[in-house]
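Structural description and commentary
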Amino acid sequence: MQSNQVSPVVVAGPRTMRIGITCYPTYGGSGVVATELGQELAARGHEIHFISYAPPVRMNLAEPNVYFHEVEVTTYPLFDHPPYALALATRMLETFELQSLDLLHVHYAIPHSVSAFLARSMAAPRRLPFITTLHGTDITLVGSNREYLPITRFSIEQSDGVTAISRYLHRKTIEEFDIRRSIEVIPNFVNCEIYRSAVDTALREQIAPGGEPILMHLSNFRPVKRVTDAVEIFALVRARMPAKLVMIGDGPDRSAAEYLASKKGLQRDVHFLGKQDSIHEKLGSADLFLLPSQLESFGLAALEAMACEVPVVATNAGGVPEVVENGVDGYLVEPGDVEGAARHAIEILSRADRGRAMGQRARANAERKFSAGRIIPIYENLYQRVISETSAAP
Ligand code: GMT
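Basis of the calculations
- Residues numbered from 1 in each chain as written.
- Predicted model: local features only at pLDDT ≥ 70, side-chain atom pairs only at ≥ 80, totals over all residues.
- Heavy atoms only, no water.
- Near = heavy atom within 4 Å.
- Polar contact = N/O pair within 3.5 Å; in protein donor to acceptor, adjacent residues only side chain to side chain.
- Areas by Shrake-Rupley, 256 points an atom, 1.4 Å probe, with all protein chains shown as cover.
- Helix = DSSP H or I, 4+ residues; strand = E, 2+ residues; numbered from the N terminus.
- Nonpolar A, V, L, I, M, F, W, Y, C, P; charged D, E, K, R; others polar.
- Domains from an automatic or database assignment.
- Axes fitted to C-alpha atoms, helices over the stretch in contact; angles between N-to-C directions.
- Parallel < 35°, antiparallel > 145°, perpendicular 65-115°, else oblique.
- Contact = heavy atoms within 4.5 Å.
- Buried < 20%, exposed > 50% of the residue type's maximum accessible area, 1.4 Å probe, protein only.
- Arc of directions from axis to C-beta.
- Left-handed = near helix turned anticlockwise from the far one by under 90°.
- Buried area = accessible area lost by both parts, 1.4 Å probe.
- Salt bridge = Lys/Arg side-chain N within 4 Å of Asp/Glu carboxyl O.

**Side note on the site of the ligand**
In the vicinity of the ligand lie 19 residues, with G29, S30, H135, R222 and E296 positioned nearest. At 2.5 Å, a side-chain N or O of S30 approaches an oxygen atom of the ligand. Measuring from an oxygen atom of the ligand, one finds a side-chain N or O atom of E296 at 2.5 Å. Its free accessible area being 480 Å², the ligand has 95% of it covered by the protein chains. Take the shell around the ligand: its biggest share by element is 3 residues, from helix α1 (residues 29-43). Its residues assigned to classes, the shell around the ligand shows 6 nonpolar, 10 polar and 3 charged. Among the domains, domain 1 (18-189 + 371-392) and domain 2 (201-370) are the pair contributing at least three residues each to the shell around the ligand.

Have a look at this one:
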């Protein structure tokens, strides 16, 4: 069992909190947001305890105030499906007891908010409030399935605080789940000190030795991301000008995208890098970011690209228009409109000065609307409010 659970005794000032954070630790937006939120809070002096089955990909235990508690799921021949949600609830309770947590913050409703509900019930009459942050597919794809809808609705209703990462997701949650409680919109954020224009010269040399413009895509390659559209868009661009496409990430549709690239004879121009660390260094090397998703509740990767001064061509889907302003930070097209996306991409790439100006506007908007410095205090205020409301309750 991995746990660095003996933390130094911290004399909590009025604003210092001990927070347990649960997320999916794998490559994916909700885990990234949860981890970076934890790191930002730790840097502000809060004590952060990540509770999950593996260390979250972007977690840095070397930073002060960051701890990790592994959830071990015991298997038994009778269990076709080991009960992770129960093991997680037990570990949440244990961490609360050993570390005197003030609050749990779970990211992605299924099954994390159900586990938090169980942990809170087991902890009673001691107070262990929990906040659920909804990220997207927990509402739009999985949560609205008949098998999960009642329990997802229940755990949302039972949470001591609920947040959604865009106005779109807020609206969708109310519609799909007929929720009557308040849900606060707290958009995702980006650390603009880390995500900034910085070219990885080794990467550029390796991918585009002739100085060709680089288009980039980053995702978990699930069907909802329409990764083959990225290849189709690139093929149309490549037919008009020299260019390269860098595909970062991995998932179920990677082989379909690789097959399509080779079928179109683009093997030399399309580079699949798989899962990568230090994304901020890679994004800054792109001239254009592609996000052709069928649906995105937010589109974190597009925001990260914007912070690196990279203009975006994305789809007008879900919460994306709240992040990417059409004609300002990049362009939006309807999902599946690869010709439209290619037209905009060619327009941006064939006028480097316009592309650069658009990238600079994107950066300015990312900083103004979504910087960590603006968003983290909103979470801190919410935590304080939920803690004082629950401790005042009978
Ligand atoms: O994208 C997914 O497949 C799932 C999910 C995740 O856990 O990574 O992504 C969602 O959360 C991200 C972070 O808040 C958002 O940026 C993504 O837009 C959202 N994905 C969808 O809505 C498809």
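**Looking at the packing of helix α14 (residues 352-370) against helix α15 (residues 372-392)**
Following both chains from N to C, one finds α14 and α15 inclined at 20°, their axes separated by 6 Å at the closest point. Considering their axes alone, α14 and α15 lie roughly parallel with respect to each other. Across the interface between the two elements, R368, K369 and F370 from α14 touch A372, R374 and I375 from α15. Taken together, the residues of the contact of α14 with α15 break down into 3 nonpolar, no polar and 3 charged.

**So, helix α6 (residues 167-177)**
Restricting attention to buried positions, one finds in α6 the residues Y168, L169, T173 and F177. Looking straight down α6, one finds that the buried residues subtend no more than 130° of arc, so they occupy a single side. Summarising the geometry of α6, the exposed residues directed more than 90 degrees from the buried face are R167 and E175. Summarising the contacts, the buried residues of α6 are in contact with β5 (130-134), α4 (137-140), α5 (149-158), β6 (161-164) and α12 (320-323). Once α6 ends, the next one or two residues include D178, with phi positive near 50°.

**Regarding the packing of helix α2 (residues 84-99) against helix α3 (residues 112-123)**
Contact geometry for α2 and α3: axes closest at 8 Å, N-to-C directions at 45°. Taken together, the axes of α2 and α3 are oblique relative to one another. Crossing of α2 over α3 shows right-handed handedness. Note on element contacts: α3 touches α2 through H112, S115, A116, L118, A119, M122 and A123, opposite A85, L86, L88, A89, T90, M92, L93 and F96. A per-class count over the contact of α2 with α3 returns 12 nonpolar, 3 polar and no charged.

**Examining the domain arrangement of the protein chain**
Taken domain by domain, the protein chain comprises domain 1 (18-189 + 371-392) and domain 2 (201-370). The gap between the C-alpha centroids of domain 1 and domain 2 is 30 Å. Tallying the contact residues gives 20 residues for domain 1 and 22 residues for domain 2. Summing both partners gives a buried area of about 1600 Å² for domain 1 against domain 2, and 58% of it is carried by carbon and sulfur. Summed over the three residues of domain 1 that lose the most area to domain 2, namely Y27, Y168 and S371, the buried surface amounts to 41% of that side. Applying the counting criterion to the domain 1 and domain 2 interface returns 1 salt bridge.

**Examining the environment of H112**
Within the secondary structure, H112 sits in helix α3. Expressed as a C-alpha distance, the spacing of H112 and A85, which sit 27 residues apart in the sequence, is 7.0 Å. Other than its neighbours up to four places away in sequence, H112 contacts T22, C23, Y24, L88, M92, V106 and H107.

**Some words on unusual backbone geometry**
Excluding glycine, residues mostly carry a negative phi; peptide bonds, for their part, are mostly trans. Look at the link from I110 to P111: it is a cis peptide, with omega at -10°. Relative to the helices and strands, P111 resides in the loop between β4 (103-107) and α3. In this structure, the amide linkage connecting A124 to the following residue, P125, adopts the cis form with an omega of 10°. Its location among the elements puts P125 in the loop between α3 and β5.

**Examining the pattern of salt bridges**
Under the definition given, this model contains 22 salt bridges. One salt bridge in this structure joins D353 and R351, with 3.5 Å as the shortest N-O distance. Judged by its relative accessible area of 40%, R351 is partly exposed.

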